Amino acid sequence: MKVNKWIGAHLIAAFMLLISVISYGQGQQGVSLDKIIARVDNHYILNSELEDMYNQYKAEGRTAPEKCQLLESLIINKMLLAKAEIDSVSVEDKEVDGELNGKMNYMIQRFGSEKNIVEAYGKSIENLKNELRQQVKEQKIVEKMQRTISGNVKITPAEVRKFFNGIPKDSLPYIPSEVEVGHIVKKGTVTREQKEKLRQQLLELKARAEKGEDFAMLAQIYSEDLGSAKIGGDLGFAKRGAMVPEFEGAALALKPGEMSGIVESQFGFHLIKLIETRGAEYHARHILLRPDYNKGTDMTQATRALDSLRTLIKSDTLKFAKAALNNSDDKETAESGGLIQDRSTGQSKLTLDASMDPALYFAIDTMKVGDLSMPVSYRLEDGSSAMRILWYKSKSEPHTANLRDDYEKLSQIVLSNKRNNALEEWFKKAQGDVYISIEPEYRNCKVLGLTANADDL
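Computed from a prediction, not measured in an experiment: that's the story for all the values here. (Residues numbered from 1 in each chain as written. Predicted model: local features only at pLDDT ≥ 70, side-chain atom pairs only at ≥ 80, totals over all residues. Heavy atoms only, no water.)

Caption draft 1: Broad picture of the pattern of salt bridges. The tally for this structure, following the rule as stated, stands at 17 salt bridges. Across the pair D93 and K239 runs a salt bridge, and its minimum N-O distance is 2.8 Å. With D93 in helix α4 (residues 93-111) and K239 in strand β6 (residues 234-239), the pair connects residues that are 146 residues apart, well separated along the chain. According to the relative accessible area criterion, K239 is partly exposed, its value standing at 45%. Connected through salt bridges with shared partners, the residues K83, D87 and D433 form a single ionic network. (Salt bridge = Lys/Arg side-chain N within 4 Å of Asp/Glu carboxyl O. Helix = DSSP H or I, 4+ residues; strand = E, 2+ residues; numbered from the N terminus. Buried < 20%, exposed > 50% of the residue type's maximum accessible area, 1.4 Å probe, protein only.)

This is how it looks when you write it as structure tokens:
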């Protein structure tokens with residue numbers, strides 16, 4: 001079995017496993033699946049991991065690979081981790097936290113809201129994050145090892161041309177129409193009346209706590225941070241720099257047992273109670289009230305700001321990319337000049353078909369390439385209401401793949417193949433540096449060219 005066939009796939013499978021380890025386990029209580037089936041140095045693979053990965057494919061309606069192939073992908077993952085320990089390769093906590101937050105945002109998109117996640121799993125967001133943290137850390141280390149192994153691989157135009165010329169003409173892929181679309185987003189402004197209403201509600205809760213009511217109980221009843229509300233608003237120990245500045249500044253100004261005034265942040269309005277400090281960490285509870293973005297948001301200021309930007313861009317006084325970078329409230333796209341990216345590829349070219357966001361699809365359906373739309377309603381991932389203007393940058397017609405129009409796609413394929421070859425060579429050498437043992441029940445699997453052995457784990 002060729003190793004490079006699974007090198008790319010095993011990282012995707014690892015991400016699926018991050019989600020499936022929790023969700024599959026919800027319906028399997030009382031069933032013992034945690035038998036060790038393989039070992040790579042001090043890293044173990046459980047039968048539950050293999051079953052979870054296999055069932056996740058089936059749950060998504062995809063054809064599941066053979067279990068031997070999935071086992072190989074898991075062993076590859078553990079080999080990279082084992083070699084990372086030998087080579088002292090590690091990742092910083094900030095990297096892990098950033099990736100973890102991204103995965104949680106994906107889950108929020110998938111389930112619709114934090115509330116739906118909490119209800120589905122019966123666990124707070126914080127508990128779910130704690131369960132995923134180690135797996136995310138391992139995934140980041142694996143990715144870093146891959147970059148270390150194949151990061152210096154380069155390709156030349158001659159290699160791309162040779163690859164393309166080697167594809168039989170009757171087998172050239174059909175490339176559907178693709179578009180590039182940019183947007184500049186401005187959030188609505190929460191009305192003064194709603195802000196004052198939320199402040200008064202929190203002041204009333206603070207007064208009740210000062211009179212002896214349990215802060216944790218009030219958080220359970222009233223806080224709109226659904227992740228922490230179920231555990232009394234408890235946010236656990238946080239390192240300095242982990243929370244938004246407004247929250248952290250207010251929390252660190254308190255003494256243990258004290259409550260803050262009303263603190264406004266990008267998430268809403270907080271009432272904070274400091275529990276304790278421990279070196280560079282602090283432990284706090286909070287009650288969060290969020291604005292109602294459907295009822296209490298004024299779009300006047302956002303619309304005016306976008307109208308002004310649109311006028312400047314249309315007169316060529318200001319470039320769209322610069323306007324997006326300096327003004328858009330969608331920070332993810334602002335860094336790329338406002339261009340909306342395909343999450344699965346990280347590229348700005350979006351396939352113009354049913355997979356596209358329907359709101360975007362129907363918006364550009366009425367536009368021509370080069371058009372700049374009037375401000376239209378938009379909802380950000382955090383649920384907040386906003387307005388945006390769209391720029392229809394480019395559109396390619398559907399066609400059979402060719403070297404001129406599809407050089408970027410072809411070069412990515414060639415680069416991926418070359419990196420996989422480098423990884424395959426690395427795996428051949430690394431097998432002698434780590435101990436690999438596989439349970440006899442998988443004796444028919446030839447993982448990494450090895451036949452499963454019966455060593456005791």
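So that's the structure; there's more coming.
Caption draft 2: A look at helix α16 (residues 407-430). Along its 24 residues, α16 runs 34 Å from first to last C-alpha, staying within 8% of the 34 Å computed at 1.5 Å per residue. What α16 keeps buried is the set L410, S411, V414, L415, N420, L423, E424, W426, F427 and A430. (Expected span 1.5 Å × (residues − 1).)

Caption draft 3: Representation of the pairing of strand β4 (residues 178-187) in the model. The element β4 is largely enclosed, with a buried count of nine among its ten residues. Sheet analysis places β4 next to strand β13 (residues 385-396), joined by ten bridges and oriented antiparallel. Bridging from a neighbouring strand, H183 pairs with L390 of β13. (Pairing = 2+ DSSP bridges.)

Caption draft 4: Structural view of the sheet that holds β4. One open sheet holds the four strands; their spatial order is β11-β4-β13-β12, and the pairing between them is antiparallel. A single partner strand is all that each edge strand has here, and the edge strands are β11 (350-351) and β12 (376-379). With two bridges connecting them, β4 and β11 associate as antiparallel partners. Bridge pairing in β11 links V179 to L350. Set on the sheet, helix α13 (residues 320-327) makes contact with β4 and β13; between it and β4 the angle comes to about 40°. (Contact = heavy atoms within 4.5 Å. Axes fitted to C-alpha atoms, helices over the stretch in contact; angles between N-to-C directions.)

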